[in-house]
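Given next are the chains, with one letter for each unit.
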Amino acid sequence: MSGETPFTIVGNLTADPELKFTTGGVAMARFTIASTPRTFDKTTNQWVDGTAMFIRCTAWRDMANYIAETLARGMRVIATGNLVQNNWKTPEGENRSMLGLDVQDIGPSLRFATAKVTRAQRTSAPASGGPATDSWSTPAPAVAGAAAGNWGGDGPVDPPF
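A few points on the structure. No experiment lies behind these values; they were computed from the predicted model shown.

## What to know about the overall build of the chain
A tally of helices and strands in the chain yields 1 helix and 8 strands. Looking at the chain as a whole, 21% of its 161 residues qualify as buried. Summarising the internal contacts of the chain: among those between residues at least 6 apart in sequence, 56% fall at separations of at least 24. Entry remark: accessible area of the chain is about 11800 Å², with carbon and sulfur atoms responsible for 54%.

Printed below as a string of structure tokens:
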């Protein structure tokens, strides 16, 4: 969509993601990512933390389930999506607003950790495109003359993820 504000954040989850469901049964995960800039102070020979930024994030559908199953408090993640502004009125009538992230993609940061990725099976049809246009929904074609498990003997048949 045009007019959206793309945003990527690297930080740590402040708590375990909360998995909830809408009245229509759509999965939604909510969580907060804290990102604190650090700079090295040469005069004191120490790292100095800057002001922490906390971004409230929301993910939907299958990704919400995957996040709830995979991520936990303290994990360092990289999330990207669109910034959204939420506006509301308090019970006292005061106007409030908060920026949040509508997550489009997220994963663990491998800067200080390792991860084993397991491909999930889809539980619902893709939002657009469908099987005819989704190259990941069908197995890779066989290569004539290739050794079993190789693309012409040069690499694995399945993608390495």
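## With respect to the pairing of strand S1 (residues 5-13)
Judged from the 8 bridges that link them, S1 and strand S7 (residues 76-89) form a sheet pairing that is antiparallel. Residue pairing across strands places Gly11 opposite Val77, the latter belonging to S7. The sheet contact formed by S1 and strand S3 (residues 27-35) spans 2 bridges and is antiparallel. Within S3, the residue paired with Asn12 across the bridge is Ala34.

## Notes on the pattern of salt bridges
Summed over all chains, the structure comprises 4 salt bridges. Between Arg56 and Glu18 there is a salt bridge, with its nearest N and O atoms 3.3 Å apart. Placement of the pair is Arg56 in strand S6 (residues 53-60) and Glu18 in strand S2 (residues 18-21), with a sequence separation of 38 residues. Owing to a relative accessible area of 29%, Arg56 belongs among the partly exposed residues under this scheme. Residue classification places Glu18 among the partly exposed residues on the basis of a relative accessible area of 35%. Glu94 is the salt-bridge partner of Arg96, the closest N and O atoms lying 2.6 Å from each other. The partly exposed category is assigned to Arg96, whose relative accessible area is 41%.

So, how was this worked out
- Residues numbered from 1 in each chain as written.
- Predicted model: local features only at pLDDT ≥ 70, side-chain atom pairs only at ≥ 80, totals over all residues.
- Heavy atoms only, no water.
- Helix = DSSP H or I, 4+ residues; strand = E, 2+ residues; numbered from the N terminus.
- Buried < 20%, exposed > 50% of the residue type's maximum accessible area, 1.4 Å probe, protein only.
- Contact = heavy atoms within 4.5 Å.
- Areas by Shrake-Rupley, 256 points an atom, 1.4 Å probe, with all protein chains shown as cover.
- Pairing = 2+ DSSP bridges.
- Salt bridge = Lys/Arg side-chain N within 4 Å of Asp/Glu carboxyl O.

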